[in-house]
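# Descriptive analysis of the structure
Listed below are the residues making up each chain.
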Amino acid sequence: MELKDIIPNLNREVEYKGGKYIMQESIVWKDQRGNVNYSAILLDPNGNSQYRVSIKDIRRIENV
């Protein structure tokens with residue numbers, strides 16, 4: 001996923017490692033070396049678990 005795709009896909013279904021999740025929020029953070037990183041919180045379809053993953057590992061699902 002690219003940065004431009006984050007806001008339009010909040011609270012929508014996205015794909016991560018072959019599964020479908022709801023992208024609940026996005027996080028911008030800087031590590032100790034000064035590198036800026038982007039991650040997202042994904043909810044499983046049942047809403048029981050949350051996963052914090054890099055946005056580069058998320059794929060948006062095309063709306064049909």
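Described below are features of the structure shown in this document. (Residues numbered from 1 in each chain as written. Predicted model: local features only at pLDDT ≥ 70, side-chain atom pairs only at ≥ 80, totals over all residues. Heavy atoms only, no water.)

### As for the packing of aromatic side chains
All chains considered together, the criterion is met by two aromatic pairs. Relative to Tyr-21, the ring of Tyr-16 lies with its centre 6.1 Å away and its plane at 65°, an arrangement referred to as edge-to-face. Pair check on accessibility: Tyr-16 and Tyr-21 agree, each one buried. Ring geometry for Tyr-21 and Tyr-51: centres 5.7 Å apart, planes at 75°, overall edge-to-face. Of this pair, Tyr-21 sits in strand S2 (residues 19-30) while Tyr-51 sits in strand S4 (residues 50-54); the two residues are 30 residues apart in sequence, bridging distant segments of the chain. Taking the relative accessible area as the measure of exposure, Tyr-21 reaches 18% and is therefore buried. Among the aromatic side chains, those forming a connected cluster through ring pairs are Tyr-16, Tyr-21 and Tyr-51. (Phe/Tyr/Trp six-rings, centres within 6.5 Å; stacked < 30°, edge-to-face > 60°. Buried < 20%, exposed > 50% of the residue type's maximum accessible area, 1.4 Å probe, protein only. Helix = DSSP H or I, 4+ residues; strand = E, 2+ residues; numbered from the N terminus.)

### A word on the side chain of Asp-44
Turning to its location among the elements, Asp-44 is positioned in the loop between strand S3 (36-43) and S4. Look at Asp-44: it is buried, it has no salt bridge, and the nearest opposite charge is Lys-20 at 15 Å. Looking at Asp-44, its side chain comes within polar contact range of the main-chain nitrogen of Asn-46, at 3.1 Å. Setting aside residues no more than four positions away along its own chain, Asp-44 makes contact with Tyr-21, Ser-49 and Tyr-51. (Lys, Arg positive; Asp, Glu negative; His and termini not counted. Salt bridge = Lys/Arg side-chain N within 4 Å of Asp/Glu carboxyl O. Polar contact = N/O pair within 3.5 Å; in protein donor to acceptor, adjacent residues only side chain to side chain. Contact = heavy atoms within 4.5 Å.)

Remember, this is a structural readout, not a statement about activity or role.
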